[in-house]
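Understanding the architecture of this molecule
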Amino acid sequence: MRPTKTNGHFETLVVDDEPTNGVSGRTEVLYDTEASEALCARAPIGLLAELTHRCPLQCSYCSNPLELERVNKELTTAEWVSVMQQAGAMGILQVHLSGGEPTARKDLEEIVSAASKAGLYTNLITAAVTLTRPRLEELAKRGLDHVQISFQDVNEENAEHISAYPEGLRKKLEVAHWVTELGLPLTINAPIHRQNIHNVPRYIELAVELGAQRLEIAHVQYYGWAFLNRAALIPTYKQTMESIEFVERERERLKGVLTIDMVVPDYYAKRPKPCMGGWGKGFINITPSGKVLPCHAAETIKHLKFDNVKDRKLLDIWLNSDAFNAFRGTEWMKEPCCSCAFREIDFGGCRCQAMAITGDARNTDPACALSPYHGEMVALAHSEAGRPPKPFIYRNPRNATNAPKPEQRPLVPAE
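Only a predicted model underlies this, so the values are computations on that prediction, with no experimental measurement involved.

**Section: the overall build of the protein**
- Counting its regular elements, the protein contains 14 helices and 11 strands.
- Here the protein holds 415 residues, and the buried ones make up 55% of them.

Here you go:
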């Protein structure tokens, strides 16, 4: 199924058959000014702590920025400990320790201890290839609550092609067994794209075999290195829909055995996702150098200035910083968002995607069928998915310096 051209522009291709009639305009059921929530809570639910951008893998879909932060710019142990203490005092519930590869930090144990003492639920998001059993045992003793391991593929040869790391799958399987043997909850993260989407069924089998509590089938989101490599990664519409339908069937079959979460790609969508639950509403991200972001891709919006935990308290940044308030709530919205009945449900979608595709972060996310850019974005996806994949530009410091920058030419909106 492909979009058709009308007056030089592509008509909208929809994933579902839910009508858009009546979406624009105020409705009493979906929007009530008197009953609307405050713009944000006193604290977000979750904190993503990018401890480092160092990583032994070179995955082309990585959401880290192209401008990787160097080790000499990383927060010190004491600074990360302070972040954990501030997060606990604010009322944040969860901290996701990520990177890069968080185990590249020699002080990870101290950071986990600080998070646990602050009352935070700690989740280690790891590639697992450098993790030893004694270190995992020590992290568990320090208060680590959960481990999430990313699998580039379930086939060793293809996993190596995707990550540029030899024998990574074997090591990941070994660590996954250690996690369950130590009684820690295990999540398998499956980043899905055109070069491994055929193995979605095998990912589900593997998660069950490993005794995982949760599997995240996460279609790649096109930011950072993934945006640069989009033509090598984006699957066809048919592949995408088949994967979604298969996962839905497996969810029913495996109820009570395995929780399967799914992140679907935006390029074939009809309605946008509420990015991070709404800008500055429930999520906070801290980069290795201490910059505080509303989402991990927010730095692509170049006119925004982001405060640093070295200079300002985390709670003050969350509540009062210009960056967090830039797209918080609905006052910033342009049409069709500002008169849309869903404006406090999807919050206009993703600001970073609007920036990348349309050139203006205030525009409606082009994943929305009401965006004048929507048909063009879907056509772009069909065009790139219909051609042979380009070679990967791997995520590494050399390519961070020398790789061509992703094309930032905004699409032309339909009239």
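**Focus on the nonpolar core**
- Within the largest apolar cluster, 88 residues are counted, with the highest numbers of intra-cluster contacts made by W80, M84, L97, I149, L215, I217 and I286.
- When sequence neighbours within four positions are dropped, the list of residues in contact with I286 reads L47, L48, A49, E50, L75, W80, V83, K291, V292, V309 and L314.
- Ranked by size, the runner-up nonpolar core spans 18 residues in total, among them A297, F306, W332 and A361.

**What about the packing of helix α1 (residues 77-90) against helix α2 (residues 108-117)?**
- Close contact between α1 and α2 brings their axes to 8 Å; oriented N to C, the two are set at 20°. Put simply, α1 runs roughly parallel to α2. In this structure, α1 meets α2 at a crossing whose hand is right-handed. Of α2, the residues touching α1 (which contributes T77, W80, V81 and M84) are E110, I111, A114 and A115.
- Among the residues making up the contact of α1 with α2, the classes are represented as six nonpolar, one polar and one charged.

**Looking at the environment of K310**
- Along the chain, K310 turns up in the loop between β11 (292-293) and α10 (314-320).
- We classify K310 as partly exposed; its relative accessible area is 46%.
- Distance in space between the C-alpha atoms of K310 and E79 is 7.4 Å, their sequence separation being 231 residues.
- Not counting the four nearest positions on each side in its chain, K310 is found in contact with K73, L75, E79 and S289.

**A few points about the pattern of salt bridges**
- If you walk through the whole model with that rule in mind, you get 25 salt bridges.
- Across the pair K291 and E69 runs a salt bridge whose closest N-O atoms are separated by 3.4 Å. Taken as a pair, K291 in the loop between β10 (283-286) and β11 and E69 in the loop between β3 (46-50) and α1 lie far apart in primary sequence, 222 residues in all.
- Overall, E69 belongs to the buried group, its relative accessible area being 14%.
- R202 is the partner of E209 in a salt bridge, and the nearest nitrogen-oxygen pair spans 3.3 Å.
- Each of the salt bridges in this network shares a partner with another, and the network as a whole consists of R54, E74, R105 and D107.

**Observations concerning the sheet that holds strand β6 (residues 146-150)**
- With mixed pairing, the nine strands of this open sheet are ordered in space as β9-β8-β7-β6-β5-β4-β3-β10-β11. Strands with a single pairing partner mark the edges of an open sheet, and in this sheet they are β9 (259-263) and β11.
- Here four bridges tie strand β5 (residues 121-126) to β6, and the two strands are oriented parallel to one another. Among the inter-strand pairings, L124 is bridged to a residue of β6, identified as V147.
- Where helix α5 (residues 168-181) meets the sheet, its contacts fall on β6 and β7 (186-192), and the angle it forms with β6 comes to roughly 165°.

**A closer look at empty space enclosed by the protein**
- Under the defined criterion, the tally for this structure stands at two cavities of 30 Å³ or more.
- Estimated volume of the largest cavity: approximately 100 Å³.
- If you go around the largest cavity, you meet 13 residues; those closest to its centre are C340, D346, T364, C368 and L370.
- The class makeup of the residues in the lining of the largest cavity is eight nonpolar, two polar and three charged.
- In this structure, the second largest cavity occupies an estimated 50 Å³ of space.
- What lines the second largest cavity is simply C275, G278, W279, F327, W332, D346, F347, G349 and R351.

Quick notes on the rules
- Residues numbered from 1 in each chain as written.
- Predicted model: local features only at pLDDT ≥ 70, side-chain atom pairs only at ≥ 80, totals over all residues.
- Heavy atoms only, no water.
- Helix = DSSP H or I, 4+ residues; strand = E, 2+ residues; numbered from the N terminus.
- Buried < 20%, exposed > 50% of the residue type's maximum accessible area, 1.4 Å probe, protein only.
- Core = buried A, V, L, I, M, F, W, Y, C linked by side-chain atoms within 4.5 Å.
- Contact = heavy atoms within 4.5 Å.
- Axes fitted to C-alpha atoms, helices over the stretch in contact; angles between N-to-C directions.
- Parallel < 35°, antiparallel > 145°, perpendicular 65-115°, else oblique.
- Left-handed = near helix turned anticlockwise from the far one by under 90°.
- Nonpolar A, V, L, I, M, F, W, Y, C, P; charged D, E, K, R; others polar.
- Salt bridge = Lys/Arg side-chain N within 4 Å of Asp/Glu carboxyl O.
- Pairing = 2+ DSSP bridges.
- 1 Å grid on protein atoms, 1.4 Å probe; cavity = no way out; pocket = protein on both sides within 12 Å on 5 of 7 lines; lining within 4 Å.
- Points joined across faces, edges and corners; volume = space filled by probe spheres on them.

In short, the description is geometric, and any link to function would need to be established separately.
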